[in-house]
Amino acid sequence: MLTKEMTKVHNFSAGPGILPAEVLKQAAEACINFDNLNLSLLEISHRSKNYEKVMDDARALVKELLGLNDNYKVLFLGGGASLQFAMVPYNLLRTEGTAGYINTGVWASKAIKEAKIIGNTQVIASSEDKKFNYIPKGYEIPANLDYLHITSNNTIYGTQIKQFPKSPVPLVCDMSSDIFSRQVNGNDFALIYAGAQKNMGPAGATMVAVDETKLGKTGRKMLSMLDYQVHIKGDSMYNTPPVFPIYVSMLTMKWLKDNGGVAWIEKINQQKADTLYNEIDRNSLFVGTTAKEDRSNMNVTFVMPKPELEAEFDKLTKEANLSGLRGHRDVGGYRASLYNALPLESVNVLVEVMQAFEKKFA
Ligand SMILES: *Cc1c(COP(=O)(O)O)cnc(C)c1O
């Protein structure tokens, strides 16, 4: 049970990540009594009127928050963002065509690996030479590509594309860890996908928004469950969708919209990121791990020049109820994830702890 006495924990988890408290409360209620049906959301048909409204609202909210035109269809699928690494080339890469990829980290590399199995795949630019601590720029995009795949935010390394490439070919973007965190023109992309569990909802659902006019051109015989057109035709209910993660994602998007939408959260996210990066740059015991101009507003990565002090810092963060700050094993050090639902107050507490730590050990 949630009680008033529960200790406030500041949740910097990289994923699954923090969700708004009021969303969690509504979600918990729906598990017992959904829409006053005296039935749990978990035990009713996905084809019931009440659930169909959840699905319709979720899809409409995605279109609204991304500003998508009518030629876009929104799907909620299983299999995580990782299944999209395969479904994207399967649906967009012609048997005689070539796909282009920008390699900015582990997730992009995994997407490239799957695309290579499906067809001709070319890595157009990469930041692997510097352990993915920057975003490649100034590369030429061949006009013959079926699409160019980019990763807007690199969750592990803490880099983020600030300016999307002007592309002569359709852009496909993995927005798993920064979707709805800043204003983008969704219509600049042929396809956007995002696993829900970073910034949109709980694990188990993956959102795909696709320009329908780009589909059905591969020359490939398609397996039904991997075919976007089959899911579009079924209104994202070709098979039983992940009903609960979609419901909680819908509530989270509604929370965002009701509070002022992406323009509102973008300002707060900028404030949170500025607050933390300013402290990292000021504090003699910490140093950022990425190129400054490519710093992510969602995942802030930093290390200690004196790693022997890590245990002392861990003690202080634990005392202050700061959770989820351990860096990814590929980068080490620390990673503070500042997803939409994380309040500025939590960042302020982290900064106070960093300052107290410096006073004691510098
Ligand atoms: C977490 C993450 C993924 C993988 O998501 P799954 O849902 O676990 O498959 C892919 N891309 C990015 C950018 C991520 O942050």
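Residues numbered from 1 in each chain as written. Predicted model: local features only at pLDDT ≥ 70, side-chain atom pairs only at ≥ 80, totals over all residues. Heavy atoms only, no water.

Participant: Would you mind going over the sheet that holds strand β11 (residues 287–288) with me for this structure?
Facilitator: Consider a sheet: its strands pair through backbone hydrogen bonds, and that pairing is either parallel or antiparallel. Reading across the sheet, the three strands line up as β11-β12-β14 and stay open at both edges, with antiparallel pairing between neighbours. Looking along the sheet, the strands with just one partner apiece sit at the ends: β11 and β14 (334–337). Summarising the sheet, β11 and strand β12 (residues 299–303) pair through two bridges and their orientation is antiparallel. Following the sheet pairing, Val287 is matched in β12 by Val303. Sitting on the sheet, helix α7 (residues 261–282) touches β11, β12 and β14, and the angle it makes with β12 is about 10°. (Pairing = 2+ DSSP bridges. Helix = DSSP H or I, 4+ residues; strand = E, 2+ residues; numbered from the N terminus. Contact = heavy atoms within 4.5 Å. Axes fitted to C-alpha atoms, helices over the stretch in contact; angles between N-to-C directions.)

Participant: Mind showing me how you'd approach the domain arrangement of the chain here?
Facilitator: Accessible area lost upon the coming together of the parts serves often as the stated size of an interface. Examined at the domain level, the chain breaks down into domain 1 (22–259) and domain 2 (261–361). Inter-centroid distance (C-alpha atoms) of domain 1 to domain 2 is 28 Å. Among the residues domain 1 hides against domain 2, the three largest losses belong to Ile156, Gly158 and Gln183. Together they make up 21% of the total. Between the two partners, domain 1 and domain 2, sit two salt bridges. Lys137 is the partner of Glu293 in a salt bridge, and the nearest nitrogen-oxygen pair spans 3.9 Å. Taken together, domain 1 and domain 2 are joined by 17 residue pairs in polar contact (both at pLDDT 80 or more). (Domains from an automatic or database assignment. Buried area = accessible area lost by both parts, 1.4 Å probe. Salt bridge = Lys/Arg side-chain N within 4 Å of Asp/Glu carboxyl O. Polar contact = N/O pair within 3.5 Å; in protein donor to acceptor, adjacent residues only side chain to side chain.)

Participant: Would you explain the site of the ligand in this entry?
Facilitator: In the neighbourhood of the ligand, 13 residues make up the surrounding shell, with Ser82, Thr155, Asp174, Gln197 and Lys198 lying closest. With respect to the ligand, the side chain of Ser82 contributes an N or O atom lying 2.6 Å from an oxygen atom. Within the side chain of Asp174, a nitrogen or oxygen atom sits 2.7 Å from a nitrogen atom of the ligand. Contact with the protein chains covers 88% of the free accessible surface of the ligand, which is 380 Å². With four residues, the top contributor of residues to the shell around the ligand is helix α3 (residues 80–92). Looking at the shell around the ligand, its residues break down into three nonpolar, eight polar and two charged. (Near = heavy atom within 4 Å. Areas by Shrake-Rupley, 256 points an atom, 1.4 Å probe, with all protein chains shown as cover. Nonpolar A, V, L, I, M, F, W, Y, C, P; charged D, E, K, R; others polar.)

Participant: Looking at this model, I keep getting lost on helix α4 (residues 106–118). Mind explaining?
Facilitator: Working note: α-helix, 3.6 residues per turn, so residues spaced by three or four point in the same direction. Its 13 residues give α4 an end-to-end C-alpha distance of 19 Å, which sits within 8% of 18 Å, the value for a rise of 1.5 Å per residue. Every buried residue of α4 is listed here: Ala108, Ala111, Ile112 and Ala115. Considered in projection along α4, the buried side chains sweep an arc of 100° and stay on one side of the axis. Across α4 from its buried face, at more than 90 degrees, point the exposed residues Lys113 and Ile117. (Expected span 1.5 Å × (residues − 1). Buried < 20%, exposed > 50% of the residue type's maximum accessible area, 1.4 Å probe, protein only. Arc of directions from axis to C-beta.)

Participant: Before we go on, may I ask you to explain the environment of Ser296 in this structure?
Facilitator: Mapped onto the elements, Ser296 comes out in the loop between β11 and β12. With 136 residues separating them along the chain, Ser296 and Gln160 place their C-alpha atoms 4.6 Å apart. A distance of 2.9 Å separates the side chain of Ser296 from the backbone nitrogen of Met298, its partner in a polar contact.

Participant: Sorry, what's going on with the pattern of salt bridges here?
Facilitator: Using the criterion set out here, one finds 17 salt bridges in the structure. Notably, a salt bridge pairs Arg59 with Asp235, separated by 3.7 Å at the nearest N-O pair. Within this pair, whereas Arg59 is found in helix α2 (residues 49–66), its partner Asp235 is found in the loop between α5 (228–233) and α6 (243–259), the two being separated by 176 residues in sequence. With a relative accessible area of 12%, Arg59 lands in the buried category.

Participant: Looking at this structure, how should I read the pairing of strand β4 (residues 120–126)?
Facilitator: For a regular strand, side chains alternate in direction, first toward one face of the sheet and then toward the other. Note that strand β3 (residues 98–103) and β4 share six bridges and pair parallel. Across the sheet, the residue bridging to Thr98 is Asn120, located in β4. Between β3 and its parallel partner β4, the chain crosses via α4, and the hand of that crossover is right-handed. (Right-handed = clockwise from strand over helix to strand, strands pointing away.)

Participant: Where do I start with the nonpolar core in this structure?
Facilitator: Generally speaking, nonpolar side chains in soluble globular proteins are found buried as a group. Judged by nonpolar contacts, the single largest core of 55 residues is most densely connected at Phe76, Leu148, Ile179, Phe180, Met207 and Tyr247. Of the residues forming this core, the biggest block, nine residues, is contributed by α6. Setting aside its immediate chain neighbours within four residues, Phe76 contacts Met55, Ala58, Arg59, Val62, Met200, Ala205, Thr206, Met207, Ser236, Pro242, Ile246 and Met253. Judged by nonpolar contacts, the second largest core, of 31 residues, contains Ile280, Met298, Leu322 and Ala336. (Core = buried A, V, L, I, M, F, W, Y, C linked by side-chain atoms within 4.5 Å.)

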